[in-house]
Structure formats: C-alpha cells, structure tokens
Amino acid sequence: MNGPLGLLAELTYGCPLHCPYCSNPRDLGDPRDELGTGEWERVLSEAADLGTLQVHLSGGEPLLRRDVTSIVRSASELGLYTNLITSALGLSERRAEELRDAGLDHVQISVQADEAGRADEIAGLRSFDRKTRAARLVKKLGWPLTLNVVLHRRNLDRIGGIIELARALEADRVELANTQYYGWGLLNRDALLPSREQVARAETVVRDAATRLREEMEIIWVLPDYHEEYPKPCMGGWGARQLTVTPYGRVLPCPTAHELPLPAESVRESSLRRIWEESELFNAYRGTDWMPDPCRSCARKETDFGGCRCQAFALTGDAARTDPVCRLSGDHHIITSAIAASDDNSPLAQLVPRSSNLNHDH
Amino acid sequence: MKGPRLAPHVRLAYDKSRGRQVLLAPESVTTLNDTGAAIARLCDGDHPVEAIVAELRERYSGVRAEDVESFLGKLSDLRCLKKGGS
C-alpha cells in the first residue's frame with residue numbers, strides 16, 4: 001500500500017487570532033494533553049518510514065510551541081520537506097533565523113485582507129502590520145514566501161488589492177482560498193458565503209492577474225466549493241495521499257474528520273503504519289467500493305472521489321452520501337438554497353469569532 | 001556563467017520508499033526519471049543550457065538539445081525553476 005505523501009502536523013489549537021472560518025474543532029481541548037516534543041519526533045520518524053515526504057506544521061499557531069524549532073530540525077534530519085503554516089505572530093528575527101538554521105524549507109503566512117482595518121477586524125486582533133513585517137523578514141532571510149488568504153463575503157471584493165499586497169511583499173506564491181464550510185466556518189456560513197456575482201467578479205480579476213503577473217508570482221485560486229458544479233477531490237481521496245495528526249495525537253484522514261462517527265485512532269496507542277494501513281477509520285471511504293449512486297456509476301468517481309465525506313456528514317448526517325455540492329446529488333438543494341440566501345442583499349449576518357481560549361483557561 | 005536554477009521553494013530529493021527521484025514543493029511532488037533528475041541536479045545557476053546538454057552527453061547516449069530544452073520548459077511551467085532564470 002502507498003504511504004501518505006503529506007503529514008499535516010497540528011502542533012497546537014492555541015492561536016492569538018479569532019478568524020471566524022477557522023478549521024479547528026469548536027471544542028479546542030486542553031493544551032496539557034498536547035503531544036510532547038519526543039512524541040512528535042516519534043510521529044515524524046514513523047511518517048518518514050511510511051513514505052511521507054512533506055510535513056506541514058500548522059495549528060492553531062505553531063509558533064506558540066516553544067519546541068517548534070527542534071520539531072523542524074527533527075523533520076529536516078529525516079529528509080522531510082518542512083512547511084510552516086503560520087499567522088506570523090511570534091516570528092521574531094531571532095526565531096526566524098533559528099528556524100532557518102534548523103532547516104525549515106518554506107513559510108506560509110496568512111493575511112486576512114489587503115489593509116489593516118479590514119484585516120484586523122476579521123482576525124479579531126491588531127495583527128496586519130506585524131504580519132507584513134514578518135513577511136518582509138521571511139524574504140530578507142532568503143526563504144520563499146507564500147501568502148495564504150482565506151476569501152469570503154467580506155474580503156472577496158478586495159481581491160485586486162490582495163494580489164497587489166502579495167506583489168508588494170514580493171511573495172513567490174499567493175494562495176487565494178475560498179472558505180471551506182466546516183467547524184467555525186459552517187457556524188458562520190451565512191455571514192461568510194459570497195454571492196454568485198461576487199464570485200464571478202473575483203474570478204475575472206484573478207484570471208487577469210494570473211496572466212499579467214505570470215513571470216512575477218504564482219497565483220493559486222482555490223475554487224469556491226459551494227459555487228462549483230462538481231465537488232472537490234477532497235484530500236486526493238480518503239486515506240490516499242494525506243494524513244493529519246492533531247495536537248492531542250489523534251490521527252485523521254483530514255483535519256475535520258474528527259466530526260465523523262468513526263472509531264478514534266491515536267499515536268499514543270498505535271503506530272502510524274497500523275493506523276494508515278489497517279484501521280477502520282482510514283479504510284472506511286478508501287477507494288470506490290463504499291460509494292452509493294450517483295457516484296458509483298459516475299465517470300468522475302476517480303476524479304473527485306465523491307467529494308468530501310465531512311461535508312456530506314455535516315450537511316446530510318450521513319458521511320457515505322454523495323457530497324451535496326455535486327449537482328447530481330439528491331441533497332444538492334441544501335447548497336442551492338444557501339447560495340440563494342447569499343444572493344439576497346440582506347444585511348450581513350453576525351460573525352461568531354473563534355474562541356481564543358483553550359479549555360483550561362475558561 | 002548563468003543558467004537555470006531550481007526555484008527557492010523546490011528541493012530535489014530521493015523518495016526511498018517508492019525508489020524514485022522527486023522534486024518537492026510545499027503542495028506538490030513531481031516524479032523524475034534518471035535523466036530528469038540529472039538535469040534538475042544541474043539547475044544550480046552555474047550551468048547554462050549548453051553546459052547541461054554537454055554534461056548529459058558524457059553520461060547518456062542520444063541526448064538531444066531540444067529534449068533538454070523542452071524538459072526545462074516543463075519544469076518552468078510547473079514553477080520549479082527560479083523566476084527570470086535561464
């Protein structure tokens with residue numbers, strides 16, 4: 001069996017920001033239960049043995065972990081490609097130099113909009129200026145820079161400005177990712193879902209910029225799932241290419257799969273290899289045998305793998321159904337009615353910010 | 001001398017569990033055959049295209065300059081080469 005190419009290592013759910021589309025669980029857990037440095041080293045080594053090539057260090061905010069540099073060094077010594085996904089808060093010059101010396105290959109910094117007022121409002125914290133300073137530091141130290149921008153109703157019309165910001169910061173890549181509606185994002189969906197008109201306008205701007213700036217930077221447009229005809233090929237297939245380890249050691253096929261009613265697996269109880277190859281969790285939706293119609297008889301079943309199991313579960317209560325985003329799904333009306341509501345010019349719904357505190361702080 | 005160079009976010013690596021050479025980037029893995037890996041290894045900024053072709057000819061027979069150029073074009077389309085390189 002092929003091992004996973006990529007490991008998403010969620011080092012902590014702690015984060016100074018309050019982004020209302022955060023992909024972390026609604027229950028952020030207890031940081032005293034987080035995996036220790038030694039446990040992460042073992043996870044990285046088991047992942048490398050299993051065939052993993054890339055490790056994405058994420059969170060929450062991975063820089064909140066004091067041992068992030070030694071985790072990077074361990075990954076690097078195992079030959080893994082290391083990618084830090086960060087808000088950049090806490091990326092001081094000294095810390096950045098330590099990370100670079102530890103072998104960190106790539107840095108992705110999130111920004112919330114193209115100017116401080118709007119960005120800080122979305123992040124729930126004054127952070128924009130610190131982020132742009134950190135982005136300049138990343139370039140100064142000779143790292144490649146990717147800016148990640150999550151798009152939604154409140155910043156999609158600023159897409160041109162966002163691309164200009166990426167240019168001004170000399171980003172090598174800018175990832176323009178439309179919000180995915182899980183966890184906090186699903187809770188805030190009515191306030192975040194853009195109208196069809198907004199999406200169409202933004203697509204034109206992005207297409208023009210991608211052509212015009214072709215030599216300057218790579219522009220990655222992550223499609224707005226709800227506005228597509230067919231679902232995304234989530235994770236490149238269930239248990240096919242990627243695995244996630246949560247701050248507390250749970251192993252998942254994707255970061256939101258903890259919501260599904262499947263037996264939990266933990267690195268504290270089993271090896272990554274056993275979990276990847278043999279567990280009920282990783283085999284539940286592997287391949288195409290589990291598929292119901294319309295997926296089973298669909299020509300696209302090896303293209304989009306039936307879409308996203310977590311989205312099917314969140315919207316229909318059954319993880320084995322076709323992703324409702326698909327126009328062929330019997331549940332597609334759930335999506336069309338959400339979009340119809342977003343096309344209304346009704347006032348913006350209230351956003352619920354992601355909570356800042358993990359349980360022990362309450 | 002100035003020649004093509006791998007982009008700063010791209011790393012050439014050996015994928016030992018699958019027995020193949022790969023180019024790693026944050027969100028992609030590009031599999032290379034032996035000649036592809038030999039070319040990628042020479043994308044260090046110090047080898048102009050002609051020098052890459054000459055080096056390959058010492059190791060492999062039937063190396064055609066246009067094949068090397070077209071391979072470099074593919075790497076460039078995949079954003080694996082440094083901007084403004086070659």
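Residues numbered from 1 in each chain as written. Chains lettered and ligands numbered in written order. Predicted model: local features only at pLDDT ≥ 70, side-chain atom pairs only at ≥ 80, totals over all residues. Heavy atoms only, no water.

S.K.: Which parts of the structure should I look at to understand the sheet that holds strand 4 (residues 106-110) of chain A?
M.R.: Hydrogen bonding along the main chain pairs the strands of a sheet, whether they run parallel or antiparallel. All names here are of chain A. Here we have nine strands laid out as an open sheet, ordered 7-6-5-4-3-2-1-8-9, and mixed in their pairing. The sheet is open, and its two edges are formed by strand 7 (218-222) and strand 9 (251-252), each paired on a single side. Here strand 2 (residues 54-58) runs beside strand 3 (residues 81-86); their pairing, made up of four bridges, is parallel. Bridge pairing links Val-55 to Thr-82 in strand 3. Seen against the sheet, helix 1 (residues 37-50) touches strand 1 (6-10), strand 2 and strand 8 (242-245) and runs at an angle of roughly 170 degrees to strand 1. Packed on one face of the sheet, helix 2 (residues 68-77) meets strand 2 and strand 3 and runs near 155 degrees to strand 3. (Pairing = 2+ DSSP bridges. Helix = DSSP H or I, 4+ residues; strand = E, 2+ residues; numbered from the N terminus. Contact = heavy atoms within 4.5 Å. Axes fitted to C-alpha atoms, helices over the stretch in contact; angles between N-to-C directions.)

S.K.: Can you help me understand helix 6 (residues 159-168) of chain A in this one?
M.R.: Helical geometry: 3.6 residues make up each α-helical turn, so side chains three or four residues apart lie on a common side. All names here are of chain A. For helix 6, the full list of buried residues reads Ile-159, Ile-162, Ile-163, Leu-165 and Ala-166. One side of helix 6 carries all its buried residues, which in axial view fall inside an arc of 155 degrees. Where helix 6 is buried, its residues touch helix 5 (128-140), strand 5 (145-151), strand 6 (173-178), helix 9 (196-212) and strand 7. With its phi angle positive at about 55 degrees, Glu-170 sits one or two positions after the end of helix 6. (Buried < 20%, exposed > 50% of the residue type's maximum accessible area, 1.4 Å probe, protein only. Arc of directions from axis to C-beta.)

S.K.: It is not clear to me how the packing of aromatic side chains should be interpreted in this structure. Could you clarify?
M.R.: Centre-to-centre distance and the angle between the planes together describe a pair of aromatic rings. All names here are of chain A. Under the criterion given, the structure shown has five aromatic pairs over all chains. Taking 5.8 Å as the distance between ring centres and 70 degrees as the angle between the ring planes, the aromatic pair formed by Tyr-13 and Tyr-248 counts as edge-to-face. One end of the pair, Tyr-13, is in the loop between strand 1 and helix 1; the other, Tyr-248, is in the loop between strand 8 and strand 9, and 235 residues separate them in sequence. The same class applies to Tyr-13 as to Tyr-248, namely buried. Through a chain of ring-to-ring contacts, the aromatic side chains of Trp-238, Tyr-285 and Trp-290 assemble into a single cluster. The ring of Trp-184 has Arg-26 sitting right over it, with the charged end atom 5.7 Å from the ring centre. (Phe/Tyr/Trp six-rings, centres within 6.5 Å; stacked < 30°, edge-to-face > 60°. Lys NZ or Arg CZ within 6 Å of the ring centre and 35° of its normal.)

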